[in-house]
Amino acid sequence: MNQTRRRVMKHAVTLAAAGTMGFPMLARAAAPTVINYGGSAWLGHYSAYIAMKTGLMTKYGIDLRWQAFSTSSARMAAVMAGNVDIAGTGVVSALALMASGAKQFQVIATPNNFGRAEGLLVRDGVKSVAELKGKKIGVTYASSAHVLLLDVLTQAGLNPDKDVSIINLPATELLTAYKANQIDAAAAWTPTFDRIRALPNTKLLFDDTSFSLYKSYKMSPGPDVLLTRTAFGRDNPAAVKAFLQAIFEANALLTQKPEEAAKILLELTSLSIEEQLAVIKQTEWFTQADQKTLLVAPGNFVDGLQKLSEMLLKLKQIDFVPQVRQWVNTTYL
């Protein structure tokens, strides 16, 4: 089991093995900059989706082209391959690549702080983490939910390799597997999290607030980050700055007008309006000013990522602890 997990964590590294030309035209100077964005229905991408749908990206001279990925590992592989210019991602897959020494991307911001949109969902008969012993638990490997599960099991004195059966499933398959009784519990994130939680005789056993680092750093097991390909950022610094301006305006909309934001997001998430509003309201949407505190001075968020890297090593998810700050570029803020 452990070797299997390690192979999956390294999947993005394995996949990541490593313009168009035209004649100059006077009228092309005002053309928007194309940014290929890697996203999904997870809340970490709400800001980019809203900025795209409301015209904020266009306002700042960006032609945002959305590419959907079911896992962070697949998204990071696309970044490494040069197919995605900017992406939002749970940081676990990025840390795995940092641990391998990959320098093809840079962390440029963190869009939010969440803690209750991800967790372990179980049937009513399970009343404690100890009662998970012998159970089959579905989770997407190399994800924040995976790290949360391993950490909480370890806190409870359970051996993830011996005391439970952890089954690797794409996020899109967790609901089907749970409904078919192929698994006894599911570690998931929104929107799958909300769909499973709504099923009869199902309850939340724990969420991200049970994570070891949440208590001291308010750090979830896989906080959201925005990153750019190093080469794209170097060649298009103004476009990266403009992208972030649109993101933080979208965050203001999420904070100040959640009802309006929720209506825009329904096409992306397929949640009910009530579920969508709940997800938005329980999430803290960071401002541009927040980024200086989180990433620069005192940089508590970066410190938390360093601690998370150390935890991933102890959980045998990576083989080396990277110096995370080497991958953080705050010049675009």
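Residues numbered from 1 in each chain as written. Predicted model: local features only at pLDDT ≥ 70, side-chain atom pairs only at ≥ 80, totals over all residues. Heavy atoms only, no water.

*Asks:* Teacher, can you tell me more about the overall build of the protein chain here?
*Replies:* From N to C terminus, the protein chain includes 16 helices and 12 strands. Taken over the C-alpha trace, the protein chain has a radius of gyration of 20 Å; the compact-globule value for 333 residues is 20 Å, and the two agree within 12%. Counting only C-alpha atoms, the protein chain reaches 70 × 45 × 35 Å along its principal axes. In the protein chain, which comprises 333 residues, the share counted as buried stands at 55%. When the accessible surface of the protein chain is summed, it comes to about 14200 Å², and 52% of that surface belongs to carbon and sulfur atoms. (Helix = DSSP H or I, 4+ residues; strand = E, 2+ residues; numbered from the N terminus. Rg over C-alpha atoms; globule rule 2.2 N^0.38 Å. Buried < 20%, exposed > 50% of the residue type's maximum accessible area, 1.4 Å probe, protein only. Areas by Shrake-Rupley, 256 points an atom, 1.4 Å probe, with all protein chains shown as cover.)

*Asks:* Looking at this model, I keep getting lost on the pattern of salt bridges. Mind explaining?
*Replies:* Opposite charge on two side chains allows them to pair when their charged atoms are near. As enumerated under the stated definition, the model contains 7 salt bridges in all. Between Arg 229 and Asp 85 there is a salt bridge, with its nearest N and O atoms 2.7 Å apart. Of this pair, Arg 229 sits in strand β11 (residues 224-229) while Asp 85 sits in the loop between α5 (72-81) and β3 (86-90), placing them 144 residues apart in sequence. On the basis of relative accessibility, which here comes to 16%, the residue Arg 229 falls in the buried class. (Salt bridge = Lys/Arg side-chain N within 4 Å of Asp/Glu carboxyl O.)

*Asks:* Looking at this structure, I do not really get the nonpolar core. What am I missing?
*Replies:* One broad rule of soluble globular proteins: the nonpolar side chains tend to lie buried together. Of all hydrophobic cores here, the largest spans 105 residues; its most connected members are Tyr 46, Phe 105, Leu 120, Leu 132, Phe 243 and Leu 244. Not counting residues within four places of it along the chain, the set of residues in contact with Leu 132 comprises Leu 120, Val 122, Val 126, Ile 137, Leu 153, Asp 163, Val 164 and Leu 205. Grouped together as the second largest cluster of nonpolar side chains are 11 residues, Leu 169, Tyr 178, Ile 183 and Ile 196 included. (Core = buried A, V, L, I, M, F, W, Y, C linked by side-chain atoms within 4.5 Å. Contact = heavy atoms within 4.5 Å.)

*Asks:* Got a minute to help me understand the packing of aromatic side chains in this structure?
*Replies:* The relation between two aromatic rings is expressed through the spacing of the ring centres and the mutual angle of the planes. Considering all chains together, one arrives at 5 aromatic pairs under this definition. Look at Trp 42 and Phe 114: their rings are 4.7 Å apart centre to centre, the planes differ by 85°, and that puts the pair in the edge-to-face class. Of this pair, Trp 42 sits in the loop between β1 (33-39) and α3 (46-53) while Phe 114 sits in the loop between β5 (112-113) and β6 (118-123); the two residues are 72 residues apart in sequence, bridging distant segments of the chain. Neither residue differs from the other here; Trp 42 and Phe 114 are each classed as buried. When the ring of Tyr 49 is compared with that of Trp 66, the centres are 5.3 Å apart and the planes differ by 80°; the resulting orientation is edge-to-face. Here Tyr 49, found in helix α3, pairs with Trp 66, found in strand β2 (residues 62-68); they are 17 residues apart in sequence, far enough to count as distant. Judged by its relative accessible area of 6%, Tyr 49 is buried. Residue classification places Trp 66 among the partly exposed residues on the basis of a relative accessible area of 23%. (Phe/Tyr/Trp six-rings, centres within 6.5 Å; stacked < 30°, edge-to-face > 60°.)

*Asks:* Help me understand the sheet that holds β11 in this model?
*Replies:* Strand pairing within a sheet occurs via backbone hydrogen bonds; the two strands may be parallel or antiparallel. Spatially, the 5 strands line up as an open sheet ordered β2-β1-β3-β11-β4, and their pairing is mixed. Of all strands in the sheet, those bounded by a partner on one side alone are β2 and β4 (105-109). The sheet shows a mean angle of 30° between the axes of neighbouring strands, direction not considered. Inspection of the sheet shows β1 paired to β3 by 2 bridges, in the parallel sense. Opposite Gly 38, over in β3, you have Ala 87 as the bridge partner. (Pairing = 2+ DSSP bridges. Axes fitted to C-alpha atoms, helices over the stretch in contact; angles between N-to-C directions.)

*Asks:* Can you walk me through helix α13 (residues 258-269) in this structure?
*Replies:* Each α-helix winds once per 3.6 residues, and so residues spaced three or four apart point in a common direction. Inspection of α13 places Pro 258, Ala 261, Ala 262, Leu 265, Leu 268 and Thr 269 among the buried residues, and these make up the whole buried set. Down the axis of α13, the buried side of the element spans an arc of 100°, and every buried residue falls inside it. Structural note: α13 exposes Lys 263 and Glu 267 on the side pointing more than 90 degrees away from its buried face. Here the buried face of α13 lies against α3, β2, α9 (192-197), α12 (237-256) and α14 (273-281). Following α13 by one or two positions, Ser 270 has its phi on the positive side, about 65°. (Arc of directions from axis to C-beta.)

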